[in-house]
Amino acid sequence: MKSTIFFISIYFILIMTFVNCEDEITKLRRKMIMHASECYNQMNITKEEGQKMRADHDFAKKRLRCYSACFMKKTNEMNENNQLNMNTISSIEHTLYPEKADEMMKVLTSCSEKVKGIADMCDLANAYEECSHQKI
């Protein structure tokens with residue numbers, strides 16, 4: 001009887017852990033969608049334009065070029081001094097992609113180092129996005 005209760009307790013703990021992880025992922029994704037929408041509105045980008053831009057990784061158009069910087073600032077991936085916040089980026093990657101986050105962070109850290117000297121926030125964000133897109 002004691003072993004049955006023990007196994008049921010372990011099973012319950014595992015289920016609750018999984019549910020909490022799913023909740024955290026869902027919350028983060030909702031927050032990111034909200035930030036993306038805020039940037040779309042701020043920059044007069046339609047949802048369709050934004051989705052195409054992100055899918056094609058086409059940030060070169062003058063009106064779209066600062067989207068990545070806007071998004072990265074809202075998610076705290078980039079601070080007010082236009083420096084990448086690798087702790088925040090790591091936290092996001094580990095939440096969304098726990099099984100491959102360590103490998104991704106090696107690439108993202110390398111990209112962060114590569115773009116460090118870029119002064120313009122939009123150019124920095126786009127160069128970082130381009131680097132990470134090419135390597136991941």
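All right, on to the packing of aromatic side chains then. Remark: the centre distance and the inter-plane angle together describe each pair of aromatic rings, the angle taken between the planes. This structure, assessed with the given rule, holds 2 aromatic pairs. Arranged with centres 6.1 Å apart and planes meeting at 20°, the rings of Tyr67 and Phe71 form a pair that is stacked. With Tyr67 and Phe71 both in helix α3 (residues 67-74) and 4 residues apart, this pair spans about one turn of that helix. Three or more aromatic residues joined by ring pairs make a cluster, and in this case those are Tyr40, Tyr67 and Phe71.

The next subject is the pattern of salt bridges. On inspection of all chains with the given rule, the structure shows 4 salt bridges. Between Asp120 and Arg65 there is a salt bridge, with its nearest N and O atoms 2.8 Å apart. Taken together, the residues Asp120 in the loop between α5 (101-115) and α6 (121-135) and Arg65 in the loop between α2 (47-56) and α3 connect sequence positions 55 residues apart. Residue Asp123 is joined to Arg65 by a salt bridge in which the shortest nitrogen-to-oxygen separation is 2.8 Å. With Asp123 in helix α6 and Arg65 in the loop between α2 and α3, this residue pair connects regions lying 58 residues apart in the sequence. By relative accessible area, Arg65 is classed as partly exposed at 22%. It is possible to trace a salt-bridge network through shared partners that takes in Arg65, Asp120 and Asp123.

Inspection of the entire model under this criterion finds 3 disulfides. Covalently, Cys39 is tied to Cys70 through a disulfide, its sulfur atoms 2.1 Å apart. Handedness of the Cys39-Cys70 disulfide follows from its S-S torsion of about -95°: it is left-handed. Of the two residues, Cys39 is situated in helix α1 (residues 2-42) and Cys70 in helix α3; the sequence distance between them amounts to 31 residues. In this pair, the class of Cys39 matches that of Cys70, namely buried. The disulfide partner of Cys111 is Cys131, and the gap between their sulfur atoms is 2.1 Å. Disulfide Cys111-Cys131: the torsion about the S-S bond is -80°, which places it as left-handed. With Cys111 in helix α5 and Cys131 in helix α6, this pair connects stretches of sequence that are 20 residues apart. Side by side, Cys111 and Cys131 carry an identical accessibility label, which is buried.

It is worth spelling out unusual backbone geometry at this point. Positive phi outside glycine occurs at Asn44, with the angle close to 55°. Its location among the elements puts Asn44 in the loop between α1 and α2.

So, how was this worked out
- Residues numbered from 1 in each chain as written.
- Predicted model: local features only at pLDDT ≥ 70, side-chain atom pairs only at ≥ 80, totals over all residues.
- Heavy atoms only, no water.
- Phe/Tyr/Trp six-rings, centres within 6.5 Å; stacked < 30°, edge-to-face > 60°.
- Helix = DSSP H or I, 4+ residues; strand = E, 2+ residues; numbered from the N terminus.
- Salt bridge = Lys/Arg side-chain N within 4 Å of Asp/Glu carboxyl O.
- Buried < 20%, exposed > 50% of the residue type's maximum accessible area, 1.4 Å probe, protein only.
- Disulfide = S-S within 2.5 Å.

Read these as spatial facts, not as claims about activity.
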